[in-house]
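Close look at the chain arrangement
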Amino acid sequence: MRRAIRRDRATDIDGARIAAAVDELRHRGRATLHDRLHRVRMALGLAVQAGLAAGLSWLAAHELLGNPQPVFAPISAVGTLAVSVGQRFRRTIELIIGVAVGVALGDFLIYLLGTGAWQLGLVVTSAILLTIFAGASVAIVIQAAATAVLIVTLSPSTANLEIPRFVDAFVGGGIALLVTAILLPLNPLRVINRAARPALDLLAAQLDVTADGLRERDRDKIQKALERLRNNKDELAAFGEAIEGAKETVMLSPARWHRRDELTHYAEAADPIDRAMRNSGTLIRRAVTLIEDEEPVPGPMPDAVAHLAETVRLLKHEFAVGEDPEKARERSLRAVSEAGRAYAEGVGFSGSVVIAQVRTTASDLLVASGIDQEEANRLVRQSFGDQEQPSGAAEEPAAPKPPTAPPLG
């Protein structure tokens, strides 16, 4: 009977572990599906643009210019659109320059040396070295080498390949820009909203986790939040890329010129949001140390961090619907007020740094909402109260400066 009881208990423990593992896998599966669907939504506009540009470039080269096999035109169109948004106009120019270099170098060396395996190797090597020596970009280097390969390998079987290759590159790049600017311009604000959502959701979620960890004095929970926030490069890169793409769309597309003022506001918000990410990382890292050193955690301190998380969510929402982010500003100042109360109750060294980072992050979010940096600092000082700033804490920056340290130390 005792053996049976022990066996049943072991079974119960194993069952609980298995259930926990299954729940974790189910959660990961849902998260993965959500991420994949989000990536599909982000890429849908680009996919439609690329398909339209490929079809139109083929028609233009085949029907209008009489090229019986306009292979390179749709390839050039898709290559132009596939590059990072915000660089398509530059990519088109680089595409044409690269093709011109490849055609000229390939024809010259074929005329001198003929065709064959070693001639192909020499042509590619020469194209790469020549373009690098001239200070060309990576795109021009790749395009010159690829065009040289095509010229050397196809010239023996296809006569007069050079001019059609150059024309196709021009047609494909031009059609790609036409689709981007006139025929199917994306809504720049919608693109930015979709790209900003993952970065802002990440920041808000980890601040919430940190607030809960401070309340529970759970060091491991806060450490996990720190590790997750450190892996924010993809989210920030997508946000920055979306802003560059929106700028390009507004510049090229007459239908989107009326969005310039709104886009300027978004572009100005990118840097303070990046700084808020970095300062929140410092806040969370010092919160870990605070728990490890068994420093006091005044009740208002977790509330201040939670208010920062809510500020980020409100900022995301008010940006998305086009409202003036007044609620986000009010909540960020409430976070500073709670930080002042926590400081008045008494904190240790790491606690003082957490309080200072609440102030600095709130200042960043106020600037992201459209407030001048000096005014944001004044409002933060006013909301904090008459308490002296914690020892060793940095004041809010007098003006935005690009970060020079690693993302989160």
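These numbers come from a predicted model, not from an experiment. (Residues numbered from 1 in each chain as written. Predicted model: local features only at pLDDT ≥ 70, side-chain atom pairs only at ≥ 80, totals over all residues. Heavy atoms only, no water.)

Check the secondary structure of the chain and you find 14 helices and 0 strands. Reading the helices (α) and strands (β) of the chain from amino to carboxyl end gives α-α-α-α-α-α-α-α-α-α-α-α-α-α. Within the chain, buried positions represent 43% of all 409 residues. For the chain, long-range pairs separated by at least 24 residues make up 77% of all intrachain contacts whose partners lie at least 6 apart in sequence. (Helix = DSSP H or I, 4+ residues; strand = E, 2+ residues; numbered from the N terminus. Buried < 20%, exposed > 50% of the residue type's maximum accessible area, 1.4 Å probe, protein only. Contact = heavy atoms within 4.5 Å.)

Here the focus is helix α14 (residues 373-384). Here α14 spans 16 Å end to end across 12 residues, near enough to the 16 Å set by a 1.5 Å rise per residue. When α14 is considered as a whole, its buried residues turn out to be Q373, A376, N377, L379, V380 and F384. Axial view of α14: buried residues confined to an arc of 165°, hence all on one face. Opposite the packed face of α14, turned more than 90 degrees from it, sit the exposed residues E374 and Q382. The opening residue of α14, the one whose side-chain oxygen lies 3.0 Å from the backbone nitrogen of E374, is D372. (Expected span 1.5 Å × (residues − 1). Arc of directions from axis to C-beta. Polar contact = N/O pair within 3.5 Å; in protein donor to acceptor, adjacent residues only side chain to side chain.)

Turning to the packing of aromatic side chains, a few remarks are in order. Applying the stated criterion to the full structure yields 1 aromatic pair. Ring geometry for Y343 and F384: centres 6.1 Å apart, planes at 40°, overall tilted. With Y343 in helix α12 (residues 326-345) and F384 in helix α14, the pair connects residues that are 41 residues apart, well separated along the chain. Since its relative accessible area comes to 2%, F384 is described here as buried. (Phe/Tyr/Trp six-rings, centres within 6.5 Å; stacked < 30°, edge-to-face > 60°.)

Per-residue pLDDT for the chain averages 76, and the proportion of residues at 70 or more is 67%. Within the model, the stretch residues 389-409 combines pLDDT values under 50 with 43 contacts to residues more than four positions away or in other chains. (pLDDT = per-residue confidence, 0-100.)

Okay, helix α13 (residues 349-368) next. Taking 1.5 Å as the rise per residue, α13 with 20 residues should run 28 Å; its terminal C-alpha atoms sit 29 Å apart, in good agreement. Counting buried residues in α13 gives 19 out of 20 residues, a clear majority hidden from the surface. Once α13 ends, the next one or two residues include G370, with phi positive near 110°.

The grouping of F108, Y111, L112, L113, W118 and L122 at the surface amounts to a nonpolar patch, some 700 Å² of accessible area in total. Put simply, the parts of the chain that give the nonpolar patch at least two residues each are α3 (88-113) and α4 (117-133). With 4 residues, α3 is the largest single contributor of residues to the nonpolar patch. With respect to the helices and strands, F108 occurs in helix α3. F108 sits in the partly exposed class, given a relative accessible area of 48%. (Patch = residues over 30% accessible without salt bridge, like charges linked within 9 Å, V, L, I, M, F, W, Y side chains within 5 Å. Areas by Shrake-Rupley, 256 points an atom, 1.4 Å probe, with all protein chains shown as cover. Salt bridge = Lys/Arg side-chain N within 4 Å of Asp/Glu carboxyl O.)

Grouped together as the largest cluster of nonpolar side chains are 52 residues, with contacts concentrated most on L214, L308 and V358. For this core, the secondary-structure elements that each account for two or more residues are α7 (188-216), α8 (219-230), α10 (260-292), α11 (300-320), α12, α13 and α14. The next biggest cluster of nonpolar side chains, apart from the first, holds 11 residues, and it includes L105, A127, A148 and A169. (Core = buried A, V, L, I, M, F, W, Y, C linked by side-chain atoms within 4.5 Å.)

So, on to the environment of L379. By the element assignment, L379 lies in helix α14. Sequence-distant contacts of L379, defined by excluding residues within four places in its chain, comprise L333 and I371.

For the rest of this paragraph, the subject is the pattern of salt bridges. For the structure shown, the criterion picks out 14 salt bridges. Two residues, K316 and D201, come together in a salt bridge whose shortest N-O distance is 2.6 Å. In this pair, K316 is assigned in helix α11 and D201 in helix α7, connecting sequence segments 115 residues apart. Notably, a salt bridge pairs R219 with D220, separated by 3.6 Å at the nearest N-O pair. Using a relative accessible area of 49% as the deciding quantity, one classes D220 as partly exposed. One connected set of salt bridges, linked through shared partners, spans D208, E310 and R313.

Bringing the packing of α11 against α13 into the picture now. Think of two packed helices as two axes; the pair is described by the angle between the axes and how far apart they sit. At a closest axis distance of 11 Å, the pairing of α11 and α13 adopts a crossing angle of 15°. Between α11 and α13, the crossing angle belongs to the class labelled roughly parallel. The handedness of the crossing between α11 and α13 is left-handed. Taken together, the residues of α13 that come into contact with α11 (itself represented by M301, A304, V305, L308, T311, V312, L315 and F319) are G351, V354, I355, V358, T361, A362, L365 and A368. Class assignment for the residues of the contact of α11 with α13 results in 13 nonpolar, 3 polar and no charged. (Axes fitted to C-alpha atoms, helices over the stretch in contact; angles between N-to-C directions. Parallel < 35°, antiparallel > 145°, perpendicular 65-115°, else oblique. Left-handed = near helix turned anticlockwise from the far one by under 90°. Nonpolar A, V, L, I, M, F, W, Y, C, P; charged D, E, K, R; others polar.)

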